[in-house]
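Observations on the model geometry
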Amino acid sequence: MVEIIDFKIRPAFTSRGDPTLEAEVIVRGGKGRATSPMGASAGKNEAVHLPKGGPKASIEILVSNRNRIIGIDAGDLKALSDTLKDIDGTEKFENIGAAAAYAITVASAEAEADSRGVPMYEVLIGKEKPTIPYPLGNVLGGGKHAGKGSPDIQEFLVTPLGAPNIVEAIKVNLEVHKKVRSIIEERDPTFTGGKGDEGAWAPKMTDEEAFEVVEKAIDHVSRELGYKIGFGIDMASSSLWENGKYVYRRKGKILTPEEQLAYVEDLVKRYNLIYVEDPFHEEDFESFSELTKKIKDVVIVGDDLFVTNVARLERGIKMNAANGVILKVNQVGTLYDALLFSKLAIDNGYKVIASHRSGDTWDHHLAHIAIGAKAWLIKTGIVGGERMSKLMELCRIWEGLQE
Ligand code: PEP
Ligand code: MG
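Reading the values: the criteria
- Residues numbered from 1 in each chain as written.
- Chains lettered and ligands numbered in written order.
- Predicted model: local features only at pLDDT ≥ 70, side-chain atom pairs only at ≥ 80, totals over all residues.
- Heavy atoms only, no water.
- Pairing = 2+ DSSP bridges.
- Helix = DSSP H or I, 4+ residues; strand = E, 2+ residues; numbered from the N terminus.
- Contact = heavy atoms within 4.5 Å.
- Axes fitted to C-alpha atoms, helices over the stretch in contact; angles between N-to-C directions.
- Donors = N, O, S within 2.8 Å, 3.2 Å for Na, K, Ca; no water.
- Buried < 20%, exposed > 50% of the residue type's maximum accessible area, 1.4 Å probe, protein only.
- Core = buried A, V, L, I, M, F, W, Y, C linked by side-chain atoms within 4.5 Å.
- Domains from an automatic or database assignment.

1. Concerning the sheet that holds strand E7 (residues 241–242)
- Pairing is antiparallel across the open sheet formed by 3 strands, whose spatial order is E7-E8-E9. Taken across any chain shown, the strands that pair with only one partner, and hence form the sheet edges, are E7 and strand E9 (253–255).
- Both E7 and strand E8 (residues 245–248) contribute to a ladder of 2 bridges, which runs antiparallel. In the strand pairing of E8, Glu-242 is matched with Lys-245.
- Those strands touched by helix H8 (residues 257–271) are E7, E8 and E9, and its axis lies near 105 degrees from that of E9.

This is the structure:
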């Protein structure tokens, strides 16, 4: 047992400049530090990022309850999760904020690992052989992650399923990202090189043009490097949903739920998509279920639909609403709850995609969380320090496994 002997919590900022919290957990012979990310296209069923009073209000509660946290076994993620929920007293961390729950529980797992001299993922999966997930990254995008005139669909994603290892996989994604820029520039010589929150190019372009650009880039890089590259999208449809319709502002197109279903089916066929995230808004389990029934060999992923929440996933499983889940620890708050969610998903044949947030941090923990959650993919962007930190940690872990 490695007891928490002290902890600190301080205000911090994400890559987008939004307020968040950073925690330090100290144990005998080790320490951990973690900072919570924050989403922009956040689901309405997610835990609350920060309380109404901001970081200060959260810090005050935690400091006044410090004696309840000190003494907990840093590796006992359940005990820590239970205590934080008890201190908070609400279903969605309205008083201390999910940012605090994320930062303290992730820092605690790191402190336990540090004191034992093992990688953090070992605290999560024990001595089991780790599997390195493939990287899934957005090369082009719009929606809530970019400015006016960019595509309505939030993310056009690629994953190098044919790459032999993580280092090569990262290179492939970088090549596609570069190629996308050059194709955009051929079409629009006035392109400024603008990017969205996660490093994806954000040109003035309709969704249809974006599909063509990314398809062309994938074909080119795939031929050049000889690897199969999968094409996916995150429609983040809750952001499009207005008064019972899907509103595509850039295109001036409005679709009923039935038309949206037909549109998604058509996109999958036309562009050979292997991955579709949030094709419907966050309460439409029925349409998810219909799409999953209709199309085969495509991973249909719930992000805002499930919000890393076990009860929502149980409902989805009963309805066969999807076959993939996004795992974002800060959607639910504690690392323990997120791992319960991934176990439930895997036990029911769902693929897990461990994901960053649009406002992220320099931390590399997502690499360990993805391995701990037995994720198929890690969705963490392609460029930018806060994205590369996770990818480079995967390279280090991979290198360690070769020795
Ligand atoms: C997403 O929707 O998958 C995403 C990463 O965006 P955000 O963090 O803004 O919710
Ligand atoms: Mg999403």
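Additional details are given in the paragraphs that follow.
2. Some thoughts on the coordination of the magnesium ion (ligand 2)
- Listed as protein donors to the magnesium ion (ligand 2) are Asp-234 (OD), Glu-277 (OE) and Asp-303 (OD); their distances from the metal cover 2.0 to 2.2 Å.
- As a motif over one chain, the donors of the magnesium ion (ligand 2) read D-x42-E-x25-D. Separated by 69 residues along the polypeptide, Asp-234 in strand E6 (residues 230–234) and Asp-303 in the loop between strand E11 (299–302) and helix H10 (310–319) bring together distant segments of the chain. Asp-303 matches Asp-234 in its accessibility class, with the two residues each being buried.

3. Thoughts on the nonpolar core
- Grouped together as the largest cluster of nonpolar side chains are 121 residues, with contacts concentrated most on Leu-140 and Leu-335.
- Counting residues per element, this core draws most heavily on helix H4 (residues 98–116), which supplies 12 residues.
- Mapping this core onto the domain boundaries places at least three of its residues in each of domain 1 (4–117) and domain 2 (134–402).
- Core analysis: the second largest hydrophobic core is formed by 9 residues, Leu-136, Leu-157, Ile-274 and Ile-353 among them.

4. Focus: unusual backbone geometry
- Positive phi outside glycine occurs at Phe-93, with the angle close to 55 degrees.
- Of note, Phe-93 is situated in the loop between helix H3 (77–88) and H4.
- Residue Asn-320 is not a glycine yet carries a positive backbone phi of 50 degrees.
- Relative to the helices and strands, Asn-320 is located in the loop between H10 and strand E12 (324–327).

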